[in-house]
Each structure stands twice: as C-alpha cells, then as structure tokens.
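Geometric and topological summary
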Amino acid sequence: MEAVVRGAPDPEIVALEAQLRAAQLDADVAALDRLIADELLFTGPDGQLGTKAQDLAAHGSGTVRFRAHEPEELRIRRIGTDVAVTALRARLVVEVAGVVVQGTYRYTRVWARESGGPWRVVGGHVSELDVGSQPT
C-alpha cells in the first residue's frame, strides 16, 4: 500500500487501509468488525446507504467476495489527531451474488478514533471511475 501513497506519508493510516484491504480479500468478518464503526455511514456505488451489519453479513455469507483488489493511488489528509480522510483508487474484481463486477473504483473513507478508542471507518463512499476520463 505504501508504494501507491501520493502526498505526505502517514504510516499509521496506510497500515489501517492495508488491514481493511486484507480483511475484504479474506472475507475476514472479525477484522472488518474491528475496523468499521458500529454507526457507519457508507454510500455504495448505487447511491444507497449501507450499514456495518449489512457489510458484515454480505462478507460472512459470501454474497460479496473480493477476488482482486489492486490499489493504484492512496491520498491521506489528517484532520487533527483523531480524524483522517483517505481517497483510494483501486482496480477491483468483486463477485456480488454470483455476478462478477470489475472496474476501477474510488473509495473515500473517514477514519476516526471516537472517545479515545481504536481507529475505525466512520463514513465513506465508493464510486466506479470512468478511467478513460480520469487524470493520472
């Protein structure tokens, strides 16, 4: 993950993004549970809000299976000591309910330490990119 960082390095947040990527690829529900806040606000590529419970259930049941997750670019912006925003561009191959979907996607995530707890994703959004029109 460090190889794709653009801008100032932030090893702590890079490590969290790497842990999240590994948990997605491994369908590691316990790791996802640790990394995602209970009151997650996340907008999927279809514009619908998704909850932590829905995400964990999808990974646990096999409804969602990441087959490939190749990071291309990661940008990080710290806001104080307990909040960070990341923008990750990655090539994904994901099986959703038996249908394989692939493309280049941009995740925007908000990481926060709430009440002195561990870092967790508290909010985010993912969109498919039209790679033909994206600057590099």
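**A closer look at unusual backbone geometry**
Its identity is not glycine, yet Ala-27 carries a phi of approximately 50°, on the positive side. Structurally, Ala-27 can be placed in the loop between helix 1 (11-26) and helix 2 (29-35).

**Concerning the pattern of salt bridges**
Side-chain pairs of opposite charge can arise where the charged atoms are in close proximity. Enumeration over the complete set of coordinates arrives at 14 salt bridges. Between Glu-95 and Arg-67 there is a salt bridge, with the nearest N and O atoms lying 2.9 Å from each other. Linking Glu-95 in strand 5 (residues 83-96) with Arg-67 in strand 4 (residues 64-79), this pair joins segments that are 28 residues apart in sequence. The class of Arg-67 is partly exposed, set by a relative accessible area of 47%. Arg-91 is paired through a salt bridge with Glu-70; the nearest N and O atoms lie 2.4 Å apart.

**A word on the packing of aromatic side chains**
The relation between two aromatic rings is expressed through the spacing of the ring centres and the mutual angle of the planes. Enumeration over the complete set of coordinates arrives at one aromatic pair. The interplanar angle of 40° and the centroid separation of 6.5 Å between the aromatic rings of Phe-42 and Tyr-107 together place this pair among those described as tilted. One end of the pair, Phe-42, is in strand 2 (residues 36-43); the other, Tyr-107, is in strand 6 (residues 99-113), with 65 residues separating them in the sequence. By the burial criterion, Phe-42 is buried, and Tyr-107 matches it. Cation over ring: Arg-109 sits above Tyr-107, and NZ or CZ is 4.5 Å from the ring centre.

**So, the sheet that holds strand 2**
In spatial order, the strands read 1-4-5-6-7-2-3; together these seven strands make up an open sheet with mixed pairing. If you trace the sheet from one side to the other, it starts and ends with strand 1 (5-6) and strand 3 (49-50), each paired once. Inspection of the sheet shows strand 2 paired to strand 3 by two bridges, in the antiparallel sense. Bridging from a neighbouring strand, Thr-43 pairs with Leu-49 of strand 3. Across the sheet, helix 1 lies against strand 1, strand 4, strand 5, strand 6 and strand 7 (119-128), angled at about 165° from strand 4, the strand it touches most. Lying over the sheet, helix 3 (residues 52-61) contacts strand 2, strand 3, strand 4 and strand 7, oriented at roughly 90° with respect to strand 2.

Thresholds applied
Residues numbered from 1 in each chain as written. Predicted model: local features only at pLDDT ≥ 70, side-chain atom pairs only at ≥ 80, totals over all residues. Heavy atoms only, no water. Helix = DSSP H or I, 4+ residues; strand = E, 2+ residues; numbered from the N terminus. Salt bridge = Lys/Arg side-chain N within 4 Å of Asp/Glu carboxyl O. Buried < 20%, exposed > 50% of the residue type's maximum accessible area, 1.4 Å probe, protein only. Phe/Tyr/Trp six-rings, centres within 6.5 Å; stacked < 30°, edge-to-face > 60°. Lys NZ or Arg CZ within 6 Å of the ring centre and 35° of its normal. Pairing = 2+ DSSP bridges. Contact = heavy atoms within 4.5 Å. Axes fitted to C-alpha atoms, helices over the stretch in contact; angles between N-to-C directions.

Remember that the coordinates give geometry; whether it matters functionally is a separate question.
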